[in-house]
Amino acid sequence: MKKVAFFLVAALLSACGGNSDQKDLKINSLGYFETQGLNVLVFNNQYSGGFNDEKNSGIEMIHHGVRTVTGGAVRLSNTPEQWDLVPQMTNRVVDTLANSIEVTLRYPDYDFDSRVVVTGKGKAIEISVYLDKPVPEKLEKDAGFNLEFLPSQYWSKTYLMDGRAGLIPRYAVSNTITRPNSEKMKQYKGYVTSDDRGTGTFIDPLPIETGRELILASDTPERLVKITSEDADLSLYDGRILAQNGWFVVRSLLPKGKTGKVLTWTVEGNTIDGWVRKPNIGFSQVGYIPSQPKVAVIELDKKDKPMTKASIYKVGNDGKATEVFSGKIEPWGNYFKYNYVRFDFSSVNTPGVYYIKYGDIATNHFLIEDNVYSKITDATSDVWIPIHMDHMYVKEGYRVWHGEPFKEGYLQAPPNTDHFDLHGQGPTTDTKYKGLQLIPGLNVGGFFDAGDFDIETGSNIGVVQNLVQAWEYFKPMRDETFVDQKQRYVNLHRPDGTPDVLQYIEHGALQLVAQAEIIGHMAQTLSNSVLDNYHHLGDAASITDGLPYNPNLGPYEVARDGRSSGVKDDMWAFTTRDPRRDLSAATMFAGVSRALKGYNDDLAARALVQSKRLLKEADELLAKLPEDQRGTADMATNLQLYITTGEQQYIDKFQELLWPALDRNVSRNILTALHAIPHMDASYKEKLRPYIVKYQEYIDGLEKDNPYGVPIGLGNWAGSGDVVNFGTTICFANREFPDIIDAKNAFKATNWLFGCHPYHNYSLVATVGATRPKEVFYGNNRADFSFIPGNVAPGLLFRQPDHFENYDDWPFFWGQNEGTIGGNTSYLIFGSAFNNIIIE
């Protein structure tokens, strides 16, 4: 049976163009191993621990253009979770002569060091683990070398372990055991990712298979990886047993009592002969209006020779396609890993259904029509935003998105509490409440921040400000959502006679005014007290048991009166005061007082009181700080208060702060300056004109920076937000200075968002208006491999040193797939502003 299995693999590779002529893996100028069809990165991206999802670090493989392998390192778990300890890389040496990369890894909690040496050996890499001291006794059952494989690229494919054939599971169904908590490795900062329900044990997955030679995806040449181990068993695990975002793990335990070279693997990623990445034809999946510029950006493998022409085909009423335009390909040049060319088909302006053909590659269809952009924000406004309304029961048709969460309210976070979501409570509560005391009245209004269920105060402030601006500038009268604050009930697609945006402003303001009035200032966050319900996937109303925690009760005990429990699942209010956050709130409250006047006069008046108070108190507190820590948040605050009150003191302060801010950074501050124009005299606008010229120079510079002409972020959060803000700024600048800023620049933003970007050409907006939107996003429904309509993905995440990616089959990367309430309400403004200029 073993000989038959290997014969089948060899025959398949031969038939599909296997690796017989594969060139050797060599370290390139960017410090990673490369051959056509395969890149092997060795700690180009480091582990950082904590909040970051660690499936983007260590030894990684980009296999035929897709990053499918990650996490190569000495780890302390069979299937590490996000908050498991990660090694610190203390040294990295690239030796191009020896064709090897060596990293030194350290676990300071256990005084445990290892060295991992990766060496190119022809078509394979050899991974060796060295120890100068034996594995600490505490880690003898747990320290091992891991390599992780992306489930969506491997499930339902075959594997061979020492010739025994199996199928990689689509769903996690592996066997497990339980072990006593005394044997569980410490997690990041002492956090605990699971609730043992009083059993005193934790779950430990068992391997799917064990042997010395493993071939993964033995039936799929573009994903086939062969691993052999000289001196230890290989075990294949399913990391999804513990967490839905887990990967398949190949692992060997490190031997106890040994030093020197203690483990050696040979890893060979198959490459297909002559493989060249297919061209990625970037275009707008939403379509184009007849008069706009229409430029496709085509992303090419550097070994792919660009063609001279591309064509546009029109689909007739009979379903037959006819070529209607053929045009030249214009080279742009190299941008990180790929080469880029452009195809301008602006002259095609007859309404209809079209597709692009470049060589043998034909895109899916798109529309040219006058109204293609008219509904680009409807799904965001009608579905995504109301689903994220906290403290409400939200229903859509037969579906309940979530029940009413957090009826029990919020407890004061204890002093000196370090939170897993990058927050913390300082040495005091900064309130009249003691640690773990209930703060009454906070369980009202507000929006879930993103894929989790906390109220990030800073985000919510920005959200309400976004909604106020959308209301004041564009007066969107769309009414598709039923909102009843008394019943705490929301029903989608059911008009109630009130514009939805106005109700969203009210909902956000209810939470934020409550914070200001009850706490006395703005909270940092209202978030989970324990990690095992922070990563909750499911109905928000089921995160807690609905009962306040009672320390006088035993674990999981319910009081006789049924009003409290011994379950530590409550949400906490982190209340350390930050005057800069109070300033941002003052800005927002000033706008709320205007927007809600005539709709909810009581809330409008309370918001104005808090705006003035917070501004005064924040300025007093900031005056005590060093100048470089004060920030410029009160620039916008003073503008908003002037608009609301007409008091001269506020506009004087605004102008005092504005011009130096513009001198420092035009692109960051120009939008605030533009918002002031309707409330200032003509001299202000003229003084602003030279800065608009500088902003146009910034726009021109982006054309040289990248082939898409938009600001592209390279951090651990992708850059859709920057592109949205870029498009919004262009729209407002064009409205006031059409002689300087051409409206056509705004189409660069829509093109990027709707499909003209690196890696793939899917729309980054989960909208009904796109012919091919992304199919999976990161949200509280991410485990369903689905999306919430209207979600805007962060976009193309940059992995050092040269790789952009956006997974459309694996939602769990928050930095590229997670929609946020701040980002999506910014998109709402952009869509309104954009439609305003193209209609005009």
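Residues numbered from 1 in each chain as written. Predicted model: local features only at pLDDT ≥ 70, side-chain atom pairs only at ≥ 80, totals over all residues. Heavy atoms only, no water.

### Focus: the packing of helix 14 (residues 746-753) against helix 16 (residues 821-839)
Consideration 1: Two numbers describe how helix 14 lies on helix 16: the axes approach to 11 Å, and their chain directions differ by 130°. Considered as vectors, helix 14 and helix 16 are oriented oblique to each other. Between helix 14 and helix 16 lies a crossing of left-handed hand. Between helix 14 and helix 16, the contacting residues are Ala 746, Phe 747, Ala 749, Thr 750 and Leu 753 on the first element and Tyr 827, Phe 830, Phe 834, Ile 837 and Ile 838 on the second.
Consideration 2: Here the contact of helix 14 with helix 16 is composed, by residue class, of nine nonpolar, one polar and no charged. (Axes fitted to C-alpha atoms, helices over the stretch in contact; angles between N-to-C directions. Helix = DSSP H or I, 4+ residues; strand = E, 2+ residues; numbered from the N terminus. Parallel < 35°, antiparallel > 145°, perpendicular 65-115°, else oblique. Left-handed = near helix turned anticlockwise from the far one by under 90°. Contact = heavy atoms within 4.5 Å. Nonpolar A, V, L, I, M, F, W, Y, C, P; charged D, E, K, R; others polar.)

### A short note on the confidence of the model for the protein
Consideration 1: On average, residues of the protein score 94 in pLDDT, and 96% of them reach the 70 mark or higher.
Consideration 2: In the predicted structure, residues 1-20 sits below a pLDDT of 50 and forms 34 contacts with residues beyond four places in sequence or in another chain. (pLDDT = per-residue confidence, 0-100.)

### Notes on the packing of aromatic side chains
The description of an aromatic ring pair uses the distance of the two centres, along with the angle that the planes make with each other.
Consideration 1: Scanning all chains against the criterion turns up 50 aromatic pairs.
Consideration 2: Each ring, one from Tyr 107 and one from Phe 112, has its centre 6.3 Å from the other, and the planes form 10°; the classification is stacked. Accessibility assignment for this pair places Tyr 107 and Phe 112 in one class, buried.
Consideration 3: Centroid distance Trp 155 to Phe 785: 5.7 Å. Interplanar angle 70°. Geometry classified as edge-to-face. Here Phe 785 lies in the loop between helix 14 and strand 40 (797-799) and Trp 155 lies in the loop between helix 2 (151-154) and strand 11 (158-161), a separation of 630 residues in the sequence.
Consideration 4: Overall, Phe 785 belongs to the partly exposed group, its relative accessible area being 24%.
Consideration 5: Ring-pair connections join several aromatic residues into one group, and the members of that group are Trp 332, Tyr 335, Phe 336, Tyr 340, Tyr 708, Trp 752, Phe 798 and Phe 804. (Phe/Tyr/Trp six-rings, centres within 6.5 Å; stacked < 30°, edge-to-face > 60°. Buried < 20%, exposed > 50% of the residue type's maximum accessible area, 1.4 Å probe, protein only.)

### Remarks on the pairing of strand 4 (residues 59-63)
Consideration 1: The buried count for strand 4 comes to five of five residues, which makes it a mostly enclosed element.
Consideration 2: Here strand 4 shows no split at all, with Ile 59, Met 61 and His 63 on one side and Glu 60 and Ile 62 on the other all buried.
Consideration 3: Bridge count between strand 3 (residues 38-42) and strand 4: five bridges; the pairing is antiparallel. Opposite Val 40, over in strand 4, you have Met 61 as the bridge partner. (Pairing = 2+ DSSP bridges.)

### Looking at unusual backbone geometry
Note: most peptide bonds trans; most residues except glycine with negative phi.
Consideration 1: Following Gln 800, the chain continues to Pro 801 via a peptide bond in cis, the omega torsion being 5°.
Consideration 2: Looking at the element boundaries, Pro 801 is found in the loop between strand 40 and strand 41 (803-805).

### Here we look at the sheet that holds strand 20 (residues 260-269)
Consideration 1: Across the sheet, nine strands lie side by side as 6-7-8-9-20-17-16-11-12; this open sheet has antiparallel pairing. The two strands at the open ends of the sheet, each matched to only one other strand, are strand 6 (88-95) and strand 12 (164-167). Neighbouring strand axes in the sheet, compared pairwise and without regard to direction, differ in orientation by 15° on average.
Consideration 2: Sheet topology places strand 16 (residues 213-216) next to strand 17 (residues 225-229); four bridges connect them, and they run antiparallel. Within strand 17, the position partnered with Glu 213 by the bridge is Thr 228.

### A short note on the sheet that holds strand 38 (residues 525-528)
Consideration 1: The five strands lie next to each other as 34-31-39-38-35, forming an open sheet whose pairing is mixed. Two strands lie at the open edges of the sheet, namely strand 34 (438-439) and strand 35 (455-456), each paired on one side alone.
Consideration 2: Here strand 38 runs beside strand 39 (residues 571-574); their pairing, made up of four bridges, is antiparallel. Each residue of the ladder has a partner; that of Thr 525, found in strand 39, is Phe 574.

### Re helix 16
Consideration 1: Between its first and last C-alpha, helix 16 extends 27 Å over 19 residues, near the 27 Å set by a 1.5 Å rise per residue.
Consideration 2: Across the 19 residues of helix 16, 14 count as buried, placing the element largely inside the fold. (Expected span 1.5 Å × (residues − 1).)

### What to know about the packing of helix 5 (residues 500-519) against helix 7 (residues 579-595)
Consideration 1: At their nearest, the axes of helix 5 and helix 7 sit 11 Å apart, and the two run at 130° to each other. Taken as axis vectors, helix 5 and helix 7 run oblique relative to one another. Considering the relative orientation of helix 5 and helix 7, their crossing is left-handed. Of the residues in helix 7, those in contact with Leu 502, Ile 505, Ala 509, Leu 512, Val 513 and Ala 516 of helix 5 are Met 588, Phe 589, Val 592 and Ala 595.
Consideration 2: Partitioning the contact of helix 5 with helix 7 into residue classes produces 10 nonpolar, no polar and no charged.

### Overview of the environment of Glu 396
Consideration 1: Secondary-structure assignment places Glu 396 in strand 29 (residues 393-396).
Consideration 2: When the C-alpha atoms of Glu 396 and His 493 are compared, they prove to be 7.3 Å apart, with 97 residues separating the residues in sequence.
Consideration 3: Residues in contact with Glu 396, not counting those within four places in the same chain, are Val 383, Trp 401, Asn 491, Leu 492 and His 493.
Consideration 4: A polar contact is formed between the side chain of Glu 396 and the side chain of Trp 401, at a distance of 2.8 Å. (Polar contact = N/O pair within 3.5 Å; in protein donor to acceptor, adjacent residues only side chain to side chain.)

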